[in-house]
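Coordinates in review
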Amino acid sequence: MTTRLLPVASLSQVNQIDNGFSQNNPSAAYLQGGNWIVSWNNAAFSNIEAQLFGFAFNTAGQEFALTGPRAQNASLAGLTSGGLAAVYQSGGTTSVNRYNIDNQAVSYAATENITASRSTDDLSISGLPGNGYVVAYEGLGVSGTDRGGIYAAIWNGFTINTITVASNTFFETGFSFQRQWTATNRTDPSMSAAANGTFVVAYQSQSDGNTVRPPDQLGYSIFTSNGEGLNSGLLSSSFGEREQYEVDTAALSNDRFVFTWTDTDRGQTDIHAAVVDSRGTVIRGDFLVNEYVTGNQTNSTVAALDDGGFFVSWFDNARNMIVGETYDANGSAVGSNVLIANAVSVDSMDLINIGGRRLALAYDRIAAGDTDIAGAIIGPRSTTSVNGDTNTDIIWHNTGGQTALWAMSGNEILFGNNFISSNGTTVAPGSDWSVAGTGDFNSDSTTDVLWRNVDGSIDIWTMGGGPLANQIVASNHVTVGNTPVRLGPEWQVADTADFTGDGASEILWRNSNTGRLDVWTMFGSQLVGSNPITASNTVVAPGSDWSIAAATDLTGDGRADILWRNASGALDLWTMNGAQLVVSANVTAGGSIVAPGPDWSIAAVNDFTGNGHADLLWRNTNGQVDLWTMNGAQLVRSDHVTAGGLSVAPGSDWHVAGSGDFNGDGYADVLWQNDNGSVDIWNMNGAQLTASNHVTQQGFGAVSLDASWMVVG
């Protein structure tokens, strides 16, 4: 099942060297062993620079020169050996450099010249089995009979075999001054290869002439790893006056290929896509990707997901933002379009799968006359973000009924007026209302607030997001049909989480009398499904000696699981698929059940290691803080939280108030609150405390809250 992906981390500048010269045309590649790499044109040295990363945005070493001078427009591909292949242009030659990657060390291995006799443009490369690769390129004509076209050069580890994908054509009719001509030029190739070596090359057919001009169309050809043609076709059968260009493609894990492109179907540019298999069968033909249809959409890029689905990202010119959408293997959207980056201007982008159910997006960010390389990590996200960025925000509620939002950027609060309001008026529900939870109930990538009244009524505040982050745009009763829902006091909200993996939060209820658990599937404030949790079609109801420690994704499948703790200290993990209990397993270390004593309490459950699996942060009554790195129900390792190599143990006046990725680096951090009102954030990298800072507000310095305030989301 494909789960909806969201931005989980961002990096405003990848390039470390910036002397005012433009850095542009990024390319990215995943490398065997978990590293990934980004390259780009560096105008300062007229060469190609690169940066190696570990998981997420952990830089591995320094920025380095991938090529010598006079090189440009690289395309990167990981090799099965764990190495890297980079195709680029230098002077009149197109070459591929191969590199060995050893942890953080990148060393040159060899060069193959793809073509020296034919000028080339628009390079694209993919790795092949056996440490090979294939390069697609536009080759310019060299004679009256050789007018050029799209070619593919296949390196099998020993020799290069070049094949013709599509030739340019030229037709001439008529006599003397009445002569008419039409030329078709194949340009802008994009290619991708499947794990078995089957590869596809997509390209644009540009037509021109002094008669009626046909529209630009997109074609594709599919080949075996040795260059034998399998199938070819066009990506749209609806021509009219439409023009299609900027094609990108990705090989899916189920013998399918996906294509995305820019299309002038409505008098403006939109993003379209299509899915075909290697036999040429259309799985889903030409469909519209962007939901926002006012203004031009361009520069799409697509990457395959491990489960057979894919993710598309593109630039929304009308709103100056990068947007994305998740699709399953059949081309059906999972959730709605999501915001990746805001207030940007972009010329080119590249999206790759970096493992761990995460993607990396590299793009050239144009600002104030300077162009730099920026990036985003996209994957499963369970953080609280009310303003729709990648940073976890904090929602507070006090005993006086007021609710406040802290939109965070690291340890700094972004907004001056933090009270949640409606139509400009601060809202403070009476004491008969309490916050029952928070979650994204309408799939708009911003967090909403769930309320419960003493009479059993349930309301949802839909929050505005972005600049309206602390504004309530709608407050509605939870209803079935048009009937408000009320539950008795024996039903309590146990947690809110995405149990189905569709990007929307469900509500987990527990009955205090029977122990039964129900999952509510929401569509905004509409209750569209209520199901008891079952195992093998039998309703499950743990006894009162079991309490829910957290509902979050510990297995890394994009769906929330339920972590239980027994009064004896034992822990059990329920792996969930919606309301179905798939597996119930004791938490173990080395095959032995673990059961911390009563002096240990779970302070937070979040992804502190940045691998897509939630981990457990423990605190002892003596102040010691430990991190359990988890892989589902397996305790992989247990570490003291350290700063500078020394264990940290805050005093009893400090309390963990929450956790989340407050600085957008892909690693969960810890929010602390002191009895004196001070609020601190620990920036974490696994069990390492990398920085501890007071929370500050722009222009006001460190903030302080009295004991009437508590974190509710």
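Residues numbered from 1 in each chain as written. Predicted model: local features only at pLDDT ≥ 70, side-chain atom pairs only at ≥ 80, totals over all residues. Heavy atoms only, no water.

Looking at an unreviewed UniProt entry, one finds the protein chain named FG-GAP repeat protein and attributed to Methylorubrum extorquens.

What to know about the overall build of the protein chain
Scanning the protein chain from terminus to terminus reveals 0 helices and 66 strands. A compact globule built from 713 residues would reach a C-alpha radius of gyration of about 27 Å, and the protein chain, at 28 Å, matches this within 12%. Based on the C-alpha atoms only, the size of the protein chain along its principal axes is roughly 90 × 60 × 55 Å. Within the protein chain, buried positions represent 56% of all 713 residues. (Helix = DSSP H or I, 4+ residues; strand = E, 2+ residues; numbered from the N terminus. Rg over C-alpha atoms; globule rule 2.2 N^0.38 Å. Buried < 20%, exposed > 50% of the residue type's maximum accessible area, 1.4 Å probe, protein only.)

Regarding the pattern of salt bridges
Evaluated as defined, the whole model comprises 8 salt bridges. Here arginine 98 makes a salt bridge to glutamate 112, at a shortest N to O gap of 2.6 Å. Of this pair, arginine 98 sits in strand β8 (residues 93-102) while glutamate 112 sits in strand β9 (residues 105-115), placing them 14 residues apart in sequence. Judged by its relative accessible area of 17%, arginine 98 is buried. A salt bridge links aspartate 639 to arginine 637, with the nearest nitrogen and oxygen atoms 2.7 Å apart. Here the salt bridges do not stand alone but share partners, grouping Asp255, Asp277 and Arg279 into one network. (Salt bridge = Lys/Arg side-chain N within 4 Å of Asp/Glu carboxyl O.)

Focus: the side chain of arginine 619
The residue arginine 619 is located in strand β55 (residues 615-620) in this model. No salt bridge forms around the buried arginine 619; measuring N to O, its nearest opposite-charge neighbour aspartate 653 is 6.5 Å away. A polar atom in the side chain of arginine 619 sits 2.8 Å from the backbone oxygen of proline 650. Of the polar contacts made by the side chain of arginine 619, one reaches the backbone oxygen of glycine 651; its length is 2.9 Å. (Lys, Arg positive; Asp, Glu negative; His and termini not counted. Polar contact = N/O pair within 3.5 Å; in protein donor to acceptor, adjacent residues only side chain to side chain.)

Some points on the sheet that holds strand β1 (residues 6-11)
Read across the open sheet, the 4 strands follow the order β1-β29-β28-β27; overall the sheet is antiparallel. Two strands close off the open sheet at either side, each with one partner strand: β1 and β27 (346-355). Across the sheet, the axes of successive neighbouring strands diverge by a mean angle of 25°, strand direction being ignored. Here 9 bridges tie strand β28 (residues 358-367) to strand β29 (residues 370-379), and the two strands are oriented antiparallel to one another. Along β29, the bridge assignment pairs leucine 361 with alanine 376. (Pairing = 2+ DSSP bridges. Axes fitted to C-alpha atoms, helices over the stretch in contact; angles between N-to-C directions.)

Digging into the sheet that holds strand β66 (residues 709-711)
Pairing between sheet strands relies on hydrogen bonds along the backbone, with the strands arranged either parallel or antiparallel. Spatial strand order, β31-β30-β66: 3 strands in an open sheet with antiparallel pairing. Taken across any chain shown, the strands that pair with only one partner, and hence form the sheet edges, are β31 (403-406) and β66. Averaged over neighbouring strand pairs, the angle between their axes works out to 30° when direction is ignored. Here strand β30 (residues 394-398) pairs with β66 via 3 bridges, running antiparallel. Residue pairing in the sheet places histidine 397 in a bridge with methionine 710 of β66.

A few points about the pairing of strand β18 (residues 229-234)
In the sheet, strand β17 (residues 217-223) pairs with β18 via 5 bridges, with the strands oriented antiparallel. Bridging across to β18, isoleucine 222 finds its partner in asparagine 231. In this antiparallel pair of consecutive strands, β17 and β18, the connection spans 5 residues, and glycine 227 shows a positive phi of 95°.

Observations concerning the packing of aromatic side chains
Evaluation of the coordinates by the stated rule reveals 15 aromatic pairs. With a centroid separation of 5.0 Å and 55° between ring planes, the pair formed by tryptophan 396 and tryptophan 406 is classed as tilted. Linking tryptophan 396 in strand β30 with tryptophan 406 in strand β31, this pair joins segments that are 10 residues apart in sequence. For the pair shown, tryptophan 396 and tryptophan 406 are each scored as buried. The interplanar angle of 50° and the centroid separation of 4.7 Å between the aromatic rings of tryptophan 451 and tryptophan 461 together place this pair among those described as tilted. You can see tryptophan 451 sitting in strand β37 (residues 448-453) and its partner tryptophan 461 sitting in strand β38 (residues 458-465), a full 10 residues away along the chain. Under the relative-accessibility criterion, tryptophan 461 is labelled buried at 5%. One aromatic cluster is present, built from ring pairs that chain together Phe287, Phe310 and Tyr327. (Phe/Tyr/Trp six-rings, centres within 6.5 Å; stacked < 30°, edge-to-face > 60°.)

A few points about the environment of alanine 404
Positionally, alanine 404 belongs in strand β31. When the C-alpha positions of alanine 404 and phenylalanine 419 are compared, they lie 4.2 Å apart, and in sequence the two are 15 residues distant. Discounting residues that sit within four places of it in the chain, alanine 404 has contacts with Ile394, Ile395, Trp396, Asn418, Phe419, Ile420 and Trp709. (Contact = heavy atoms within 4.5 Å.)

A closer look at the domain arrangement of the protein chain
With domains assigned, the protein chain is organised as domain 1 (6-379) and domain 2 (394-711). Contacts between domain 1 and domain 2 engage 14 residues on the former and 18 residues on the latter. Together, the buried faces of domain 1 and domain 2 total about 980 Å²; carbon and sulfur atoms form 37% of this surface. Applying the counting rule to domain 1 against domain 2 returns 1 salt bridge. One salt bridge connects arginine 358 with aspartate 607, and the closest N-O pair in it is separated by 3.2 Å. Inspection of the domain 1/domain 2 interface yields 1 residue pair in polar contact (both at pLDDT 80 or more). Of all the secondary structure elements, the ones that give two or more residues to the side of domain 1 that touches domain 2 are β1 and β26 (333-342). Here the side of domain 1 that touches domain 2 is composed, by residue class, of 7 nonpolar, 5 polar and 2 charged. (Domains from an automatic or database assignment. Buried area = accessible area lost by both parts, 1.4 Å probe. Nonpolar A, V, L, I, M, F, W, Y, C, P; charged D, E, K, R; others polar.)

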